[in-house]
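Single-letter residue listing:
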Amino acid sequence: MLRENGLVFIIVLLLWSCNTDNKLEGDISNVAIDLKVERFDMAMEQAEPKDLPQLKSAYPFLFSKSVKDSVWIKKMEDSLQDELLGEVVTTFKEFKAVEHDMKRLFQHIKYYDKTFKEPRVITLTNDVAYRDKTIVTDTIVLVALDNYLGQDHKFYQNIPRYIAANMKASNIVPDVAEGFARKYAYQSQRRTFLDEMIYHGKLLYFKDVMIPFVPDHEKIGYSEEQLKWAQANESPIWSYFVERELLYSTDRKLSNRFIADAPFSKFYLELDNESPGRLGQYIGWQIVKAYASKTDEDVLSILQKDPEEIFNKSKFKPRK
């Protein structure tokens, strides 16, 4: 009888939680957002030299005063640029799905930050400079679409596979969300390995709240299999960090081993080649989620919290 009562309680709790989440998302969907993505890439693909003054007038911030018009005209007539723009315009001829999710991201940010004003969103190309796929400011978001053509695209053959794996359209909105997360996140220090883990955990938790419609593996830039590996090995990963007293270490090599983009994490064990990179980020994410669950604090407050406070109050225990 007790077991049956317990089961009923759990079902009621789950239904209540689902209804609460549905109401929240319903409220957020009613937040007014004025968004129209501006396709500078399309304008450039169609432009002729005579159109340059008009483009400079519409997008003055994209044209450095130190760059002569002749450079832009040469670029318009360059066959490699034509090919690059042609690939982008063909791949992203239809952009409604991305625009829809971008609007949902902005609705979530505005719901939690009433002062938020949606920026201009402009798509362009940047010669596949994949370390600058997106640029996020208070007034403008730039998205370089030549970095999202699909992991097997011919332009990416000389790019490491673990980086090219996230050069696809489904990464656009998570990348923009991370740009905003970095604007909201603050830590007085990022000295220790724990500091770094929790800082990146904050960025990922921001994505949990602001883009709940995106699968978890895409928030962190893993494949589904990589996320399952991290979840299945959460306890031994945590044990490794604790037993080797890494949490409060200031050794900068730890960031390269467990925080930075890499094909795998570096435990210096046989399992290295099985592991995804950035497992320090993954553990930091779980710590911040545990803190949020314990305290029920607002996401923007959490992004400002001291990492030590987050860690201590989280009472983090890895899944087994």
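A brief structural summary. Source: prediction; values computed, not measured.

### A look at the side chain of R39
And then number 1: Within the fold, R39 resides in strand β1 (residues 38–39).
And then number 2: With near-sequence residues (within four places) excluded, R39 lies in contact with V88, F92, F95, T123 and L145.

### Examining the packing of helix α6 (residues 96–112) against helix α8 (residues 172–184)
And then number 1: Packing of α6 against α8 brings their axes to within 9 Å, and their N-to-C directions diverge by 25°. With respect to α8, the axis of α6 lies roughly parallel. Between α6 and α8 the crossing geometry is right-handed. Side by side, α6 and α8 meet where V98, D101, M102, L105, F106 and I109 of the first sit next to I172, V173, V176, A177, F180 and Y184 of the second.

### Describing the sheet that holds β1
And then number 1: What the four strands build is an open sheet, ordered β1-β2-β4-β3; its pairing is mixed. Each edge of the open sheet carries a strand with a single partner, namely β1 and β3 (134–136).
And then number 2: Across five bridges, strand β2 (residues 120–124) lies against strand β4 (residues 140–144) in parallel orientation. Paired with L124 across the strands is A144, a residue of β4.
And then number 3: Against the sheet, α8 makes contact with β3 and β4, and its axis sits at roughly 35° relative to β3, the strand it touches most.

### Considerations on the packing of aromatic side chains
And then number 1: Summed over all chains, the structure comprises 21 aromatic pairs.
And then number 2: Ring geometry for F40 against Y59: centres 5.1 Å apart, planes inclined by 70°, an arrangement best described as edge-to-face. Placement of the pair is F40 in helix α2 (residues 40–46) and Y59 in the loop between α3 (52–58) and α4 (69–76), with a sequence separation of 19 residues.
And then number 3: On the basis of relative accessible area, F40 is assigned to the buried category, the value being 5%.
And then number 4: Residue Y59 is classed as buried on the basis of its relative accessible area, which comes to 10%.
And then number 5: With a centroid separation of 6.2 Å and an interplanar angle of 65°, the aromatic rings of Y240 and F258 are classed as edge-to-face. Residue Y240 is located in helix α12 (residues 234–243), and its partner F258 is located in helix α13 (residues 253–258); the two are separated by 18 residues in the primary sequence.

### Topic: unusual backbone geometry
And then number 1: Here D127, not a glycine, exhibits a phi torsion of approximately 60°, which is positive.
And then number 2: Turning to its location among the elements, D127 is positioned in the loop between β2 and β3.
And then number 3: Take D127: its relative accessible area is 48%, and that puts it in the partly exposed class.
And then number 4: In this structure, V128 takes a positive phi of about 55° despite not being glycine.
And then number 5: Summarising the element assignment, V128 is placed in the loop between β2 and β3.
And then number 6: Look at V128 and you get buried, because its relative accessible area is 17%.

What counts and how
- Residue numbering note: each chain is counted from 1, following its sequence as written.
- Only residues with pLDDT of at least 70 are given local features in this predicted model, and only at 80 or more are side-chain atom pairs given and counted; all residues enter the totals for whole chains, interfaces and linings.
- As a convention, hydrogens and water are excluded, and side-chain values are obtained from all of the structure's heavy atoms.
- For the purposes of this entry, the term helix denotes a DSSP run of H or I that reaches at least four residues, the term strand denotes a run of E that reaches at least two, and both are numbered from the N terminus.
- We call two residues in contact when some of their heavy atoms are within 4.5 Å.
- To get an axis, a line is fitted to the C-alpha atoms, and for a helix only the part in contact is used. The angle between two axes follows their N-to-C directions and goes from 0 to 180 degrees.
- Working definition: roughly parallel below 35 degrees, roughly antiparallel above 145 degrees, roughly perpendicular at 65 to 115 degrees, and oblique for all remaining angles.
- Handedness of a crossing follows from how the near helix is turned relative to the far one, being left-handed for an anticlockwise turn of less than a right angle and right-handed for a clockwise one.
- Here the rule is simple: two strands pair whenever DSSP picks up at least two bridges between them.
- What counts as a ring pair is set by centres within 6.5 Å for rings of Phe, Tyr and Trp (its six-membered ring), and what kind of pair is set by the plane angle: stacked under 30 degrees, edge-to-face over 60, tilted for all other angles.
- When a residue's accessible area, from a 1.4 Å probe over protein chains only, is under 20% of the maximum for its type it is buried; when over 50% it is exposed; and in between it is partly exposed.

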